[in-house]
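# Overview (structure and organization)
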Amino acid sequence: RAKDDGRDTIRFFLPSMQAAADNRLAIEKELRHALDRGELSLNFQPQVNSRGTILGAETLVRWKHPEKGYISPATFIPIAEATGLILPIGEWVLQTACEHLKDWNNQGLSVHHLAVNVSPRQFRQPNFISQVQTILDKTGADPRQLGLELTEGMVIDNILDTIEKMEALKKMGIELSIDDFGTGYSSLTYLKKMPLDILKIDQSFVHDIETDSNDAAIVDTIISMATHLDLKVIAEGVETKYELEFLEGKGCPLFQGYLFSKPVANETFVELLKTGKTQG
Ligand code: C2E
Ligand code: MG
Ligand code: MG
Ligand code: MG
């Protein structure tokens, strides 16, 4: 609040800022009911090799508001994170993802790994590990088919607690990746200490490979670093053939992006799993 900055401080509060704050409040209020009203669902985006063979998928939550239509997770996840609503939402996402995993296996379809995004607040809960275990027990999903996507920021603050939790998850058989890699500040020292399986190259670097030689160099560096640290690497946001060829040429084995498939609803994803590959 402006008041807290001292009596000499003058703060401008523009009408557009008021509108943004109102909108945020509205979203927060409606998000509280979204779970109970069944407005959330999951999409799945294939993770593929260069030939489009599906080797895994990422779970992405979707919110269909009754009047406003689809609201992007880029809008509501930060609000959920700030208000704590991410806890029940995150639990629901994990449980529902495990139910789908089990269901695909029952249909004789299988995906090597299904990754689920974990928010910082969710991961920091003291009982996060037992929550994951309870969901695995309840759904009967195979932990060796489950992956969790963490972000650099959450990995760095409270490094000891993080490593302890990561080791517990690894012991359960769960695959761990760092999402949006390159946008945070993780040092090589930390990376080496952590029981990680995968680095996901942030899509902002991938998008500018063709036009920005710095980004091309960053991508190249991340791929060779991952290789040296014996980590798998996935390039996110691959949209063009140029990007694919560049990444492949640098030794990147796994891709996720619109070139292969957008995130799709379960029915469409099941059809993709039946053929084992994407169109791209
Ligand atoms: P993320 O985890 O980095 O997910 C990748 C995002 O990139 C997704 O956006 C996906 O739809 C988008 N994407 C994939 N391929 C392409 C491409 O080729 N081009 C472009 N332009 N975009 C592509 P989405 O679904 O809107 O999700 C945005 C972010 O919201 C996610 O980024 C993640 O941070 C968060 N999020 C989504 N679902 C969950 C969830 O269940 N839990 C938590 N904690 N966060 C979630
Ligand atoms: Mg992700
Ligand atoms: Mg990402
Ligand atoms: Mg992202």
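What you see is a predicted model, and the numbers here were worked out from it, not measured in a lab.

About the cut-offs
Residues numbered from 1 in each chain as written. Chains lettered and ligands numbered in written order. Predicted model: local features only at pLDDT ≥ 70, side-chain atom pairs only at ≥ 80, totals over all residues. Heavy atoms only, no water. Phe/Tyr/Trp six-rings, centres within 6.5 Å; stacked < 30°, edge-to-face > 60°. Helix = DSSP H or I, 4+ residues; strand = E, 2+ residues; numbered from the N terminus. Buried < 20%, exposed > 50% of the residue type's maximum accessible area, 1.4 Å probe, protein only. Lys NZ or Arg CZ within 6 Å of the ring centre and 35° of its normal. Salt bridge = Lys/Arg side-chain N within 4 Å of Asp/Glu carboxyl O. Donors = N, O, S within 2.8 Å, 3.2 Å for Na, K, Ca; no water. Patch = residues over 30% accessible without salt bridge, like charges linked within 9 Å, V, L, I, M, F, W, Y side chains within 5 Å. Areas by Shrake-Rupley, 256 points an atom, 1.4 Å probe, with all protein chains shown as cover. Near = heavy atom within 4 Å. Polar contact = N/O pair within 3.5 Å; in protein donor to acceptor, adjacent residues only side chain to side chain. Nonpolar A, V, L, I, M, F, W, Y, C, P; charged D, E, K, R; others polar. Expected span 1.5 Å × (residues − 1). Core = buried A, V, L, I, M, F, W, Y, C linked by side-chain atoms within 4.5 Å. Contact = heavy atoms within 4.5 Å.

### Observations regarding the packing of aromatic side chains
Evaluation of the coordinates by the stated rule reveals six aromatic pairs. Measuring from centroid to centroid gives 4.9 Å for Phe-44 and Trp-104, while their planes differ by 80°, and the two rings are edge-to-face. You can see Phe-44 sitting in strand β1 (residues 40–48) and its partner Trp-104 sitting in helix α3 (residues 86–106), a full 60 residues away along the chain. Considered together, Phe-44 and Trp-104 belong to a single accessibility category, that of buried residues. Ring centres of Trp-104 and Phe-269 lie 5.0 Å apart, and the angle between their planes is 55°; on these two criteria the pair is classed as tilted. Here Trp-104, found in helix α3, pairs with Phe-269, found in helix α12 (residues 266–275); they are 165 residues apart in sequence, far enough to count as distant. You'll find Trp-104 and Phe-269 in the same group, each marked buried. Feature note: the residues Phe-44, Trp-104 and Phe-269 constitute an aromatic cluster, connected by ring pairs. Cation over ring: Lys-165 sits above Phe-123, and NZ or CZ is 5.6 Å from the ring centre.

### Brief notes about the pattern of salt bridges
A side chain with one charge can pair with a side chain of the opposite charge if their charged atoms come near. The tally for this structure, following the rule as stated, stands at 12 salt bridges. In this structure, the salt-bridge partner of Lys-68 is Glu-30, at a minimum N-O distance of 3.0 Å. Taken together, the residues span a long stretch of sequence, with Lys-68 in the loop between β2 (54–65) and β3 (69–71) and Glu-30 in helix α1 (residues 15–34) at a distance of 38 residues. On the accessibility criterion, Lys-68 (43% relative accessible area) is partly exposed. For Glu-30, a relative accessible area of 24% puts it in the partly exposed group. Within this structure, Glu-58, Glu-149, Lys-200 and Glu-236 form a network of salt bridges that share partners.

### Some details on the coordination of the magnesium ion (ligand 3)
Around the magnesium ion (ligand 3), the donor atoms from the protein are Asp-179 (OD), Asp-180 (OD), Glu-236 (OE) and Glu-236 (OE), and they sit 2.1 to 2.5 Å away. A spacing of 4.0 Å is found between the magnesium ion (ligand 3) and the magnesium ion (ligand 2), which share Asp-179 as a donor.

### Some details on a nonpolar patch on the surface
Residues Phe-13, Leu-14 and Met-17 make up a contiguous nonpolar surface patch of roughly 300 Å² in combined accessible area. Checked against the element boundaries, Leu-14 lands in the segment before α1. Leu-14 gets classed as partly exposed once you look at its relative accessible area, which sits at 47%.

### Re the site of ligand 1
Close to ligand 1 lie 22 residues; Arg-62, Asp-179, Gln-203, Glu-239 and Tyr-258 are nearest. Gln-45 places a side-chain nitrogen or oxygen 3.0 Å from a nitrogen atom of ligand 1. Compared with its free state, where it exposes 800 Å², ligand 1 has 83% of that area covered by protein. Secondary-structure elements contributing two or more residues to the shell around ligand 1 are β2, α2 (73–83), β6 (175–181) and α9 (203–207). With four residues, β2 is the largest single contributor of residues to the shell around ligand 1. Partitioning the shell around ligand 1 into residue classes produces eight nonpolar, seven polar and seven charged.

### Thoughts on unusual backbone geometry
Of note in the backbone geometry, Asp-180 takes a positive phi value of approximately 50° without being a glycine. Relative to the helices and strands, Asp-180 is located in strand β6. In this structure Asp-180 comes out as partly exposed when scored by relative accessible area, which is 27%. Residues other than glycine seldom take positive phi values, yet Asp-230 does so here, at roughly 65°. Looking at the secondary structure, you find Asp-230 in the loop between α10 (213–228) and β8 (232–235).

### Notes on α10
Between its terminal C-alpha atoms α10 stretches 23 Å, which fits the 22 Å expected from 16 residues at 1.5 Å a residue. Where α10 is concerned, the buried positions are Asp-215, Ala-216, Val-219, Ile-222, Ile-223, Met-225 and Ala-226. N-cap assignment for α10: the residue whose side-chain oxygen lies 2.8 Å from the backbone N of Asn-214 is Asp-212. Where α10 ends, the next residue or the one after it, Asp-230, has phi of about 65°, a positive value.

### As for the nonpolar core
The biggest cluster of nonpolar side chains holds 79 residues, and the ones touching the most others in it are Trp-104, Leu-169, Leu-199 and Leu-247. With eight residues, α3 is the single largest residue contributor to this core. Every residue in contact with Trp-104, bar those within four places of it in the chain, is listed here: Phe-44, Leu-109, Val-111, Leu-114, Asn-266, Phe-269, Val-270 and Leu-273.

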